[in-house]
Amino acid sequence: MTQRTDSFGTRARLAVGDRTVDYFSLPALAAQGLADLDRLPFSIRVLLENLARNEDGRLVRADDVRALAGWDAATPAAYEVPYLPARVLLQDFTGVPAVVDLAAMREAMRRLGGDPNRINPQVPVDLVIDHSVQVDQFGAAAAFAVNGRLEYERNRERYVFLRWGQQSLRNFRVVPPETGICHQVNLEYLAQVVFGIDEDGRHLVYPDTCVGTDSHTTMINGLGVLGWGVGGIEAEAVMLGQPYYMLTPRVVGVQLTGALPAGATATDLVLTVTQVLRAHGVVEKFVEFYGPALAQLSLADRATIANMAPEYGATMGFFPVDDQTLAYLRQSGRPAEHVALVEAYGKAQGLFRTAATPDPIFSEHLTIDLGSVEPSLAGPKRPQDRVPLARMQAGFREALATTYKRDPATVAAVKDNGGGYTMRQGAVVIAAITSCTNTSNPSVMLGAGLLAQKAVARGLHVPPWVKTSLAPGSKVVTDYLREAGVLPALEALRFHVVGYGCTTCIGNSGPLPEAVSEAIASHDLVAAAVLSGNRNFEGRVNPQTLANYLASPPLVVAYALAGTVDIDLASEPLGIGTDGQPVFLADVWPTAAEVAAAVRSTVTPELFQAQYGNVFHGDDRWRGLPAPSGELYTWEADSTYIKSPPFFATMQRQPAPLTDIVGARVLALLGDSVTTDHISPAGSIPARTPAGQYLIAQGVAPQDFNSYGARRGNHEVMMRGTFANIRLKNFIVPGVEGGETRHFPDGAQTSIYAAAMQYQAEHVPLLVIAGKEYGTGSSRDWAAKGTTLLGVRAVIAESYERIHRSNLVGMGVLPLQFVPGERAQTHALRGDETYAIRGLASLRPQQRVTVEAMRADGAALRFEAVVRIDSHVEVEYYRNGGILQTVIRGIAAS
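Residues numbered from 1 in each chain as written. Predicted model: local features only at pLDDT ≥ 70, side-chain atom pairs only at ≥ 80, totals over all residues. Heavy atoms only, no water.

Looking only at helices and strands, the protein features 31 helices and 34 strands. For the C-alpha atoms alone, the extent of the protein along its principal axes is close to 80 × 75 × 55 Å. In the protein, buried positions account for 64% of the 894 residues. Look at the contacts in the protein between residues 6 or more apart in sequence, and 76% of them connect residues 24 or more apart. Surface exposure of the protein reaches about 29700 Å², of which carbon and sulfur atoms provide 50%. Within the protein, the 89 negative side-chain charges are centred at a point lying 3 Å from the centre of the 77 positive side-chain charges. (Helix = DSSP H or I, 4+ residues; strand = E, 2+ residues; numbered from the N terminus. Buried < 20%, exposed > 50% of the residue type's maximum accessible area, 1.4 Å probe, protein only. Contact = heavy atoms within 4.5 Å. Areas by Shrake-Rupley, 256 points an atom, 1.4 Å probe, with all protein chains shown as cover. Lys, Arg positive; Asp, Glu negative; His and termini not counted. Charge placed at Lys NZ, Arg CZ, Asp CG, Glu CD.)

Shown next, in the form of structure tokens:
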């Protein structure tokens, strides 16, 4: 039974229809003078309710409630908030290693003399299998069936393991493959907005909150649900009943005004928001949207904006609950009585926004006029690098000359299947309608279908070098495309459904056709991908697409028709119609009225209810898989997908004392904006890499390698893949791309993995030195797990992205930050020095430590660095060697 202290007497009752529920009242706190509820940001109100409800005198104290109730917008106190989310969302790339860790923790608990069954989710956990389907087959009616068959063949071991989790772990559900993308399934079905549990004979309701092991968990903020991405190790701690500790956040208020002009889409809006907020600086802050434009911004448009919070760098991008929320709940088939509860509870709690609601007071604020939004793309390398459609051709040509340094006149003559064509610089070889960002949004999806319909009517077709794909975020999307009569047109342009999952955006774009691949390689072409995703980092989409642009689904279709990004779509035609006349983008672009009519007539509650009625059952292939049982998992010795990780193998009941790091060498010296994709790639595994060579040695043929993402349950693959991105630039080996370094003191060039293993044999601790925004991108726990398995004891960076810094601490790696105004170049660091980090024995949050470096010529230098362990709780995590070790020791001792 949950022990709730309720020092402030806030437990109350609320009548909703013919039933009465309990809740913890925020107005009751305000009545005691503890909070000015009307002026608190809505996101802070949700956190405050979380503390008031979970106050137990142990994990959450009365002082915690008082501290957050007195939140000061201008200078939020540096106070640790013990946040207890209602549930956890996993996807399979990050979820499989999380379940592997739980299985390993059960074994560790047994070794320490404890009960393995105490390692069990304490809150509801949903894992959606959505990251494993690859686009092998495309442009054909059989694509979906072929890709599904290959997915099951490649991932059988992983899926059997997840079936064990279904059988053996409490509070753990699995949404089987070919259902949808986790964030869209969350938005359309899993999210409740108001959560409820039966407790002490009463029904207690409270705000739905979650953390997820995918950075785009923030998409659910569009529905008024507090949620964001965390590393798998943090998610596991939350699963096991531990609070997620964070410092009291600053909240940036973004006022939205005006209305989108004709021709602009939600994608264009979100690319503008991403550019503006990234420039403003919102890393490790909450972003909350308000203003008059909210009333007309659909829930789907809000979800599109919230989804991209990792791209603009915020912890989340929050939209309060309002009438649009209720409208979406009805549209997506939620029960009427639940919608009534959401409305009644929100209004009773001061969590429901209306036009008359006073604007909260924010730490910072800025205004974005929707009327200023113009059609745009983003690229060729980063989501925040917005390119207005009118400047796309000029922007690409600038990148071709300055970034890629290629000859613009290069032409490749391609012979293919008895025919032939020519490819030039900027050829679009991938056009993918994919990713949670846009495929949850009926307006842009139906817009793409209507554009395709008009293009087909004019006789346009997609050039043969373009690999097209349609990967809807849920089966509901396919249903309304079919209902609208636009699916045949998309298929006529070879945009056949290839699967339901995160495909091209995560790097599961599959291989290019052999003739196209050969033309790119032999003529040094800068080939392009245009995708409706949220990530376009180097080496992520496909190894052969150097230029990658994010775009709305209608623009994806348009660029597929054009076959190149080296085109001015305002003045040059997409192609020639059957009447011999040029067809321009303006000729086929659907009007806002056409899109709105299609949405109204096709997106109905019945579609959602039909698709989600048996969402956890799966098809015959899923139900036919073995489902092992037992409290301990039986590891298969010859498995190349699932292995027991070594994180707890030598763990004792008490941690060893902290000591200084001495005699350390630099494994990698990196620049700015190094992403978690650079650190731990998710895409294909090249045969020549250490991971590829390992798999070959295990008898796995290259065509069966699958991806790094699918292999995350095998630490042997993942540690070999750490820092193995083909576009990584390590300044220890200038001019070289990929996972290479030098071993010192001999200076021999070798792979980062081989050097790390040699250093480990020599008992030499390792460092990584980096620039700004280290760890940008996905909430990839293996970027920290691989780092620690390579023997890296500390990272020194100019700044960190929030999730990766936290993940490093969670794996026992020390994150240090150069003092303001300094970076590696300030001290002329070359990477061949020997290092010592002093002052760790009595570690305190954000203290300064001394870094000593001895150059190869004997010259010594010394500088200070800030310990980016930000709270006392994180000190304990680091002292124990990581979050999970802390949890195991705590449970074993209780």
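What follows covers the packing of aromatic side chains. Aromatic ring pairs are defined here through the distance separating the ring centres and the angle between the ring planes. Applying the stated criterion to the full structure yields 22 aromatic pairs. Ring geometry for W228 against F286: centres 5.5 Å apart, planes inclined by 50°, an arrangement best described as tilted. Separated by 58 residues along the polypeptide, W228 in strand β10 (residues 226-229) and F286 in strand β13 (residues 286-290) bring together distant segments of the chain. Ring centres 6.3 Å apart and planes at 75° place the aromatic pair F647 and F648 in the edge-to-face group. Given a relative accessible area of 3%, F648 falls into the buried group. Ring-pair connections join several aromatic residues into one group, and the members of that group are Y83, W228, Y244 and F286. Geometry around F352 places K347 over its ring, the cationic atom sitting 5.1 Å from the centre. Just above the ring of Y641 sits the side chain of R711; from NZ or CZ to the centre is 3.8 Å. (Phe/Tyr/Trp six-rings, centres within 6.5 Å; stacked < 30°, edge-to-face > 60°. Lys NZ or Arg CZ within 6 Å of the ring centre and 35° of its normal.)

A word on the state of the cysteines. For the structure on display, the rule yields zero disulfides. Between C182, a free cysteine, and C436, which holds the nearest cysteine sulfur, the sulfur-to-sulfur gap is 6.8 Å. C182 gets classed as buried once you look at its relative accessible area, which sits at 1%. Lacking any disulfide linkage, C502 is separated from the closest cysteine sulfur, that of C505, by 5.0 Å. (Disulfide = S-S within 2.5 Å.)

So, on to the pairing of strand β33 (residues 848-854). Side chains of β33 alternate between two faces, with V849, V851 and A853 buried and R848, T850, E852 and M854 left unburied. Bridge analysis of β33 against strand β34 (residues 860-867) gives seven bridges, and the strand direction is antiparallel. Across the sheet, the residue bridging to M854 is A860, located in β34. Hairpin connection between β33 and β34: a loop of five residues separates the two successive antiparallel strands, and G858 in this loop has a positive phi of roughly 95°. (Pairing = 2+ DSSP bridges.)

Bringing the packing of helix α4 (residues 92-111) against helix α28 (residues 781-789) into the picture now. Direction vectors running N to C along α4 and α28 enclose 50°, while the axes themselves pass 10 Å from each other. With respect to each other, α4 and α28 are oriented oblique. Mapping the contact onto sequence places T94, P97 and D101 in α4 and D781, W782 and K785 in α28. Considered class by class, the residues forming the contact of α4 with α28 number two nonpolar, one polar and three charged. (Axes fitted to C-alpha atoms, helices over the stretch in contact; angles between N-to-C directions. Parallel < 35°, antiparallel > 145°, perpendicular 65-115°, else oblique. Nonpolar A, V, L, I, M, F, W, Y, C, P; charged D, E, K, R; others polar.)

This paragraph deals with the sheet that holds strand β29 (residues 766-769). With respect to topology, seven strands assemble into a closed barrel ordered β26-β29-β30-β31-β34-β33-β32, the strand pairing being mixed. Averaged over all pairs of adjacent strands, the angle between their axes in this sheet comes to 40°, without regard to strand direction. Pairing geometry for β29 and strand β30 (residues 792-797), over four bridges, is parallel. The residue of β30 that forms the bridge with L766 is V792.

Mapped onto the elements, E107 comes out in helix α4. R111 is the oppositely charged side chain nearest to the buried, salt-bridge-free E107, at an N-O distance of 4.5 Å. Not counting chain neighbours up to four residues away, the residues in contact with E107 comprise L632, Y633, W635 and S644. (Salt bridge = Lys/Arg side-chain N within 4 Å of Asp/Glu carboxyl O.)

The next subject is the environment of L790. Counting through the fold element by element, L790 comes out in the loop between α28 and β30. Along the chain, L790 and Q760 lie 30 residues apart, while their C-alpha atoms are 7.9 Å from each other. With sequence-adjacent residues up to four places away left out, L790 is seen in contact with L667, M719, T722, F723, I752, Y753, A756, M757, Q760 and L766.

This part is about the sheet that holds strand β5 (residues 125-128). Within the open sheet, the five strands sit side by side as β6-β5-β4-β9-β10. Their pairing is parallel. Edge positions in the sheet fall to β6 (172-175) and β10, since each of these pairs with one other strand and no more. Going across the sheet, the axis of each strand differs from the next one's by a mean of 20°, ignoring polarity. Packed on one face of the sheet, α4 meets β4 (87-91), β5 and β6 and runs near 115° to β4.

Moving on, we come to helix α8 (residues 266-280). The end-to-end C-alpha distance of α8, which contains 15 residues, comes to 21 Å, matching closely the 21 Å that a straight helix rising 1.5 Å per residue would cover. Those residues of α8 that sit buried are A266, T267, D268, L269, V270, L271, T272, V273, T274, L277 and R278. Taken from the residues just after α8, G281 is the one with a positive phi, measuring 100°. (Expected span 1.5 Å × (residues − 1).)

Moving on, we get to the environment of E374. You can see E374 is positioned in the loop between β15 (364-369) and β16 (376-378). Between the C-alpha atoms of E374 and R793, which are 419 residues apart in sequence, the distance is 46 Å. Discounting residues that sit within four places of it in the chain, E374 has contacts with D268, R386 and P388.

On to the side chain of E311, then. Positionally, E311 belongs in helix α10 (residues 309-312). On the basis of relative accessibility, which here comes to 2%, the residue E311 falls in the buried class. The residues contacting E311, other than those within four sequence positions of it, are H216, T274, R278, P383, Q384, N534 and R535.

Every buried residue belonging to helix α18 (residues 514-523) is among A515, V516, A519 and I520, and all of these are buried. Projection of α18 onto a plane perpendicular to its axis shows the buried side chains occupying an angular sector of 135°, all on one side. Seen from the open side of α18, the exposed residues pointing more than 90 degrees away from its buried face are E514 and A521. Packed against the buried residues of α18 are β18 (411-416), β19 (419-424), β20 (428-433) and β22 (527-531). Trailing α18 by a residue or two, D524 shows a phi angle of about 55°, which is positive. (Arc of directions from axis to C-beta.)

Following both chains from N to C, one finds helix α16 (residues 475-483) and helix α22 (residues 605-612) inclined at 140°, their axes separated by 9 Å at the closest point. By the angle between their axes, α16 is oblique relative to α22. Every pair of crossing elements has a handedness; the one defined by α16 and α22 is right-handed. Residues K475, V476, D479 and Y480 of α16 lie in contact with α22, whose contacting residues are L607, F608, Q611 and Y612. For the contact of α16 with α22, a count of residues per class yields five nonpolar, one polar and two charged. (Left-handed = near helix turned anticlockwise from the far one by under 90°.)

Now for the nonpolar core. Judged by nonpolar contacts, the single largest core of 314 residues is most densely connected at F289, Y312, M423 and Y774. In terms of residue count, the dominant contributor to this core is α4 (eleven residues). Those residues in contact with Y774, other than ones at most four positions away along the chain, are L670, V674, I679, F723, V768, V795, A797, S799, Y800, E801 and H804. Listed in part, the five residues of the second largest apolar core include V135, F138, A471 and V498. (Core = buried A, V, L, I, M, F, W, Y, C linked by side-chain atoms within 4.5 Å.)

A word on the pairing of strand β2 (residues 19-24). Judged from the six bridges that link them, strand β1 (residues 11-16) and β2 form a sheet pairing that is antiparallel. By the bridge assignment, R11 is partnered in β2 with F24. The hairpin formed by β1 and β2 contains two residues between the paired strands, and G17 there has a positive phi angle of roughly 65°.

None of this, on its own, says anything about what the molecule does.
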